[in-house]
Amino acid sequence: MALRNRKRSAAAAGTGGHPVDEVLPPGPMVAYGLQHVLSMYAGVVAVPIIIGTALALSTQQTTYLISAGLFVSGLATLLQTLGVWRIGARLPIVQGTSFAAVSTMLAIGAPLGGEAGLRAIFGALIVAGAVALLIAPFFTRLLRFFPPVVTGTVITVIGVSLLPVAMRWALGTANTPGYGSMRNIGLAGATLLIIVLIYRFLGGFFNRVAILFGLVLGTLVAIPFGATDFGRLGDAAIFQLTEPFHFGLPTFAVGAIVSMLVVMLVIMTETTADILAIGEVVDKPLSRRDVTGGLQADMLSTTVAGVFNGFSVSAFAQNVGLVAVTGIKSRFVVAVSGVILFLLGLFPVLGAVVAVVPLPVLGGAGLVLFGTVAASGIRTLSKVEYDGNANLVIVAAALAMGVIPIAVPDFYEPFPSWFQVVFDSGISAAAITAILLNLLFNVRRGQPGEGPIFAEAPAIGSTYEGDSEGIVVEHTDTASPTPTRPTRRVPGSSH
């Protein structure tokens, strides 16, 4: 075991000195990558189904949108994890079709309906994504206002906002026989129990693939109860190439573009929180360039998605939870997930195999994943100093604002539409509240320009470790002239 750990450390050192850059053996990488895909597959395919239904598209057209979504998600994940030039966070972040834009896309496309509605949606995505790509470097200048009291609160709300999704999955597919039945709830509970038992009685490799085993075993348990649908396997095409502008050239309307640009700002806020969350999980100090690269990858992928018949792309928080649960921090594992998603987009029959996993089984696994995200936020908040300041008020108010749209989804119906776009997302509502209150109570003139989430870009060969006070310190290779230095802190941090 010690020898294996030394080999893994050496591999990580050879690729940049941090576990994020570790290259694992092919077998485990594929298993861990598949686990990521299974945990987020339902989220990717849900948006095309919602849009296809609302626009009265045919089954064949909706299936094409699903394949396009998987195809684009795979490309976006590869861009985010591996990076091209300065674009990409180079962190273990899975990219998928975002729910944040669904209501706006429906508002744009539903009045037109059919392919005309799709063309209007794609046109708005292309322009809004391109504009957001250009403003990403300016957007991240605001991140000095994201100390742990803000990031911890937002990460907690991310997890809390996702838990109802897992609970709805546990009930099954809405408007179908058996929805909300004890059978479905029992399958979710059985999957959750399987995952817990694996963590309790098995160790090592099994702990790291506990979610995958839970999904597979939960599906096997579901077969005798008739909760699995193998009919999709015979209906799915073997190969389908996603071609640009399959539904025709996009159309551009100023109102639709402006509305979508507002959504892009919301997505950028949520993606920023996810990037900061994964930085906390993998224990890697992030520079502003890292976050900027991650946002640019999001926006470039969204622009390309509009060309290849996909929808807006963002980081998936459930996979942040999976990294926390498994302890597998390698970005190359997630890059393998990107390859799998890409292949699922090209070979719909493979996607049909993945879709065999019943929604209640996904719900049981989701309770663990989403709960872990919330727990990561709570861990960050535990490092915040609460004595002699207003940090407790900041956390309390931001959590309350974040929970409002989760607990009462129609709370903001009397408000203007622009307000609803922003505050109907608990994540963006919590982020805005926490940032504004932190500005009011903690930020003073003359303070350092960047918060404790940032470190200067490390020199090649640097490694990281924690000192006795929990401060992340960078140690540079002795051949490098760059001095050793701690990360900077501002109010809201525990140090």
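For the structure itself, look to the data block above.
As a starting point, this report considers the structure included with it.

What counts, and at which threshold
- Residues numbered from 1 in each chain as written.
- Predicted model: local features only at pLDDT ≥ 70, side-chain atom pairs only at ≥ 80, totals over all residues.
- Heavy atoms only, no water.
- Salt bridge = Lys/Arg side-chain N within 4 Å of Asp/Glu carboxyl O.
- Helix = DSSP H or I, 4+ residues; strand = E, 2+ residues; numbered from the N terminus.
- Buried < 20%, exposed > 50% of the residue type's maximum accessible area, 1.4 Å probe, protein only.
- Patch = residues over 30% accessible without salt bridge, like charges linked within 9 Å, V, L, I, M, F, W, Y side chains within 5 Å.
- Areas by Shrake-Rupley, 256 points an atom, 1.4 Å probe, with all protein chains shown as cover.
- Axes fitted to C-alpha atoms, helices over the stretch in contact; angles between N-to-C directions.
- Parallel < 35°, antiparallel > 145°, perpendicular 65-115°, else oblique.
- Left-handed = near helix turned anticlockwise from the far one by under 90°.
- Contact = heavy atoms within 4.5 Å.
- Phe/Tyr/Trp six-rings, centres within 6.5 Å; stacked < 30°, edge-to-face > 60°.
- Lys NZ or Arg CZ within 6 Å of the ring centre and 35° of its normal.
- Expected span 1.5 Å × (residues − 1).

### Describing the pattern of salt bridges
Within this structure, the stated rule accounts for three salt bridges. Linking Arg-331 and Asp-21 is a salt bridge whose minimum nitrogen-to-oxygen distance equals 2.8 Å. Here the residue Arg-331 occupies a position in helix 14 (residues 331-346), and Asp-21 occupies one in the loop between helix 1 (2-14) and helix 2 (26-54), the gap between them amounting to 310 residues. An identical accessibility class is assigned to Arg-331 and Asp-21; each is buried.

### Quick notes on a nonpolar patch on the surface
Together, Val-216, Leu-217, Leu-220, Ile-223, Phe-230, Leu-233 and Val-353 give the surface a local cluster of nonpolar side chains, amounting to about 570 Å² of exposed area. Counting residues per element, the nonpolar patch draws most heavily on helix 9 (residues 210-222), at three residues. With respect to the helices, strands and loops of the structure, Val-216 is situated in helix 9. Taking the relative accessible area as the measure of exposure, Val-216 reaches 42% and is therefore partly exposed.

### Quick look at the packing of helix 2 against helix 4 (residues 102-109)
Contact pair helix 2 / helix 4: the axes reach a minimum separation of 10 Å and the direction vectors enclose 25°. Between helix 2 and helix 4, the angle falls in the class roughly parallel. As for how helix 2 packs across helix 4, the hand of that crossing is right-handed. Facing helix 2, whose interface residues are Val-47, Ile-50, Ile-51 and Ala-54, helix 4 presents Val-102, Met-105 and Leu-106.

### Considerations on the packing of aromatic side chains
In the structure shown here, the tally under the stated rule is twelve aromatic pairs. Judged by centre distance (5.1 Å) and plane angle (35°), the rings of Phe-71 and Phe-342 are tilted. Here Phe-71 is found in helix 3 (residues 59-82), whereas its partner Phe-342 is found in helix 14, with 271 residues between them in sequence. When its relative accessible area of 23% is taken as the criterion, Phe-342 is described as partly exposed. Note on Tyr-412 and Phe-423: the rings are 6.2 Å apart at their centroids and 55° apart in plane angle, and the pair reads as tilted. Residue Tyr-412 is located in the loop between helix 17 (391-407) and helix 18 (417-423), and its partner Phe-423 is located in helix 18; the two are separated by eleven residues in the primary sequence. Feature note: the residues Phe-411, Tyr-412, Phe-415, Phe-419 and Phe-423 constitute an aromatic cluster, connected by ring pairs. Note that Arg-200 overlies the ring of Phe-201, its terminal NZ or CZ placed 5.0 Å from the centroid.

### Digging into helix 9
A rise of 1.5 Å per residue sets the reference length of helix 9, with its 13 residues, at 18 Å; its end C-alpha atoms lie 18 Å apart and thus fit the reference within 8%. The complete set of buried residues in helix 9 reads Ala-210, Ile-211, Leu-212, Gly-214, Leu-215, Gly-218, Thr-219 and Ala-222.

### Structural notes on the environment of Pro-148
With respect to the helices, strands and loops of the structure, Pro-148 is situated in helix 6 (residues 148-171). Between the C-alpha atoms of Pro-148 and Ser-382, which are 234 residues apart in sequence, the distance is 9.4 Å.

### A word on the side chain of Thr-303
You can see Thr-303 is positioned in helix 12 (residues 288-307). According to the relative accessible area criterion, Thr-303 is buried, its value standing at 14%. When residues no more than four places from it in sequence are discounted, the contact partners of Thr-303 are Leu-125, Ile-126, Gly-129 and Ala-130.

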